[in-house]
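Examination of the molecular architecture
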Amino acid sequence: MNGKTALVVGASRTIGLGLVRELVSRGWKVIGTVRGQGRTALHDLADSSDGDVAVETLDMNDQEQLAALRRRLAATQLDLVFVNGAIADDDLPVGEVPTETFVEVMVTNALSPMRVIEVLQDLVPRTGTLGVMSSTQGSISMNTNGGHEVYRASKSALNQLMRSFAARHADDPRTLLLVDPGWVQTDLGGAGAALTVEESVPGVVDTITAHEGEGGLHYVTYQGDTVAW
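Residues numbered from 1 in each chain as written. Predicted model: local features only at pLDDT ≥ 70, side-chain atom pairs only at ≥ 80, totals over all residues. Heavy atoms only, no water.

**Focus on the overall build of the protein**
Basically, it comes down to this: Strands are runs of DSSP state E lasting at least 2 residues, helices are runs of H or I lasting at least 4, and numbering of each runs from the N terminus. This radius of gyration counts C-alpha atoms alone. The globule rule is 2.2 Å times how many residues there are, raised to the power 0.38. Relative accessibility under 20% of the residue-type maximum defines a buried residue, over 50% an exposed one, and the middle range a partly exposed one, all with a 1.4 Å probe and only protein chains included. The contact criterion used throughout is that any non-hydrogen atoms of two residues lie within 4.5 Å. We get accessible surface area from the Shrake-Rupley algorithm with a probe of 1.4 Å; when it comes to residues, only the shown protein chains can shield them. Within this scheme the basic residues Lys and Arg register as positive and the acidic residues Asp and Glu register as negative, but His and the chain ends are omitted. Think of each charge as sitting on NZ of Lys, CZ of Arg, CG of Asp or CD of Glu.
If you tally the helices and strands in the protein, you get six helices and seven strands. Along the protein, helices and strands appear, N-terminal first, in the series β-α-β-α-β-α-β-α-β-α-β-α-β. In terms of C-alpha radius of gyration, the protein reaches 17 Å, essentially the compact-globule figure of 17 Å for 229 residues. Reported as C-alpha extents along the three principal axes, the dimensions of the protein are approximately 50 × 40 × 35 Å. Expressed as a percentage of the 229 residues in the protein, the buried residues total 48%. Summarising the internal contacts of the protein: among those between residues at least 6 apart in sequence, 66% fall at separations of at least 24. Roughly 10,700 Å² of accessible area belongs to the protein as shown, and the carbon and sulfur atoms make up 49% of that amount. Where the 17 positive side-chain charges of the protein centre and where its 29 negative ones centre are 6 Å apart.

**Observations regarding helix α5 (residues 149-168)**
The criterion, for reference: Multiply 1.5 Å by the residue count of a helix minus one, and that product is the helix's expected span.
Helix length check: α5, at 20 residues, gives a terminal C-alpha distance of 28 Å against a target of 28 Å (1.5 Å per residue), a fit within 8%. The complete set of buried residues in α5 reads V150, Y151, R152, S154, K155, S156, L158, N159, M162, F165 and A166. In this structure, the buried side of α5 is in contact with α4 (99-120), β5 (129-133), β6 (175-180) and β7 (216-221).

**Quick look at the nonpolar core**
Selection criterion: In these notes, a set of buried Ala, Val, Leu, Ile, Met, Phe, Trp, Tyr and Cys residues joined through side-chain atoms within 4.5 Å is what counts as a nonpolar core.
L19, V20, L23 and L42 are the most contacted members of the largest nonpolar core, which has 29 residues in total. Put simply, the parts of the chain that give this core at least two residues each are β1 (5-9), α1 (14-25), β2 (29-34), α2 (41-47), β4 (80-83), β6 and α6 (197-210). Residues within four places of L23 in sequence aside, it is in contact with A6, V8, W28, V30, L80 and V205. Core analysis: the next-biggest nonpolar cluster, separate from the first, contains 28 residues, L78, V83, Y219 and V227 among them.

**A short note on the environment of D44**
Looking at the element boundaries, D44 is found in helix α2. Exposure remark for D44: the relative accessible area of 43% places this residue in the partly exposed category. Remark: the alpha-carbon pair of D44 and E118, spanning 74 residues in sequence, is separated by 30 Å.

**Quick look at unusual backbone geometry**
The residue D50 is not glycine, and still its phi comes out positive at about 60°. Within the secondary structure, D50 sits in the loop between α2 and β3 (53-57). The exposure class of D50 is exposed, given its relative accessible area of 74%.

**Here's the deal with the pairing of β3**
The two faces of the sheet receive side chains in turn, since in a regular strand these alternate between them. Here is the rule we go by: Being paired, for any two strands, means DSSP has found at least two bridges between them. For crossovers, right-handed means that the path from the first strand over the helix to the second runs clockwise, given strands pointing away from the viewer.
Relative to β3, β2 runs parallel, the two being bridged by five bridges. In the sheet register, I31 faces β3, and the bridge partner there is A54. You can see the chain leave β2, run along α2 and come back into β3, and the turn it takes is right-handed.

This is how it looks when you write it as structure tokens:
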């Protein structure tokens, strides 16, 4: 064991579950969150982990649940808080997107992850890391093909909000990460995506650990490359 503890928000399946598995394999203790009360693969992993994995319930769009999680973790030092999870909408021009869909995507992909960071940040020590799962689709300068306009906008908003957080905490020595996991075979990425979870996740964790103690804000891929804003 390396003595470090991580919280992975959105860990019931695919990339989030993979992150928990990978971190545990590297000696971390991990708290993973799931929505709802149903049993998930994360619960099975926790049962077989000899105490290295704990499960918490959180719908990150629910501020009361987030506040309750903060109270439950009040005595826990988190060396890493990493917010995973996002939703996509139909690939429509923005003028055809229903208002309620736009709001749902923006809240889930941008506002809620930053609320998690804001609410839980004081549990992370000066040597720790605060990270969110972003995407190269959030890069404005790299958007040469269009498509998936609201999803792209939500990830750009997430990036901007994280940059604002960094600006407000300019003297904070903690590391802040925006990580692109690549195009992964998940419900969001689709079966035709280029990477499996098993191919993406080790790189995500490599990138997280490579920046430990470095400080500053980094927008990077799972391979450690810097992404253009």
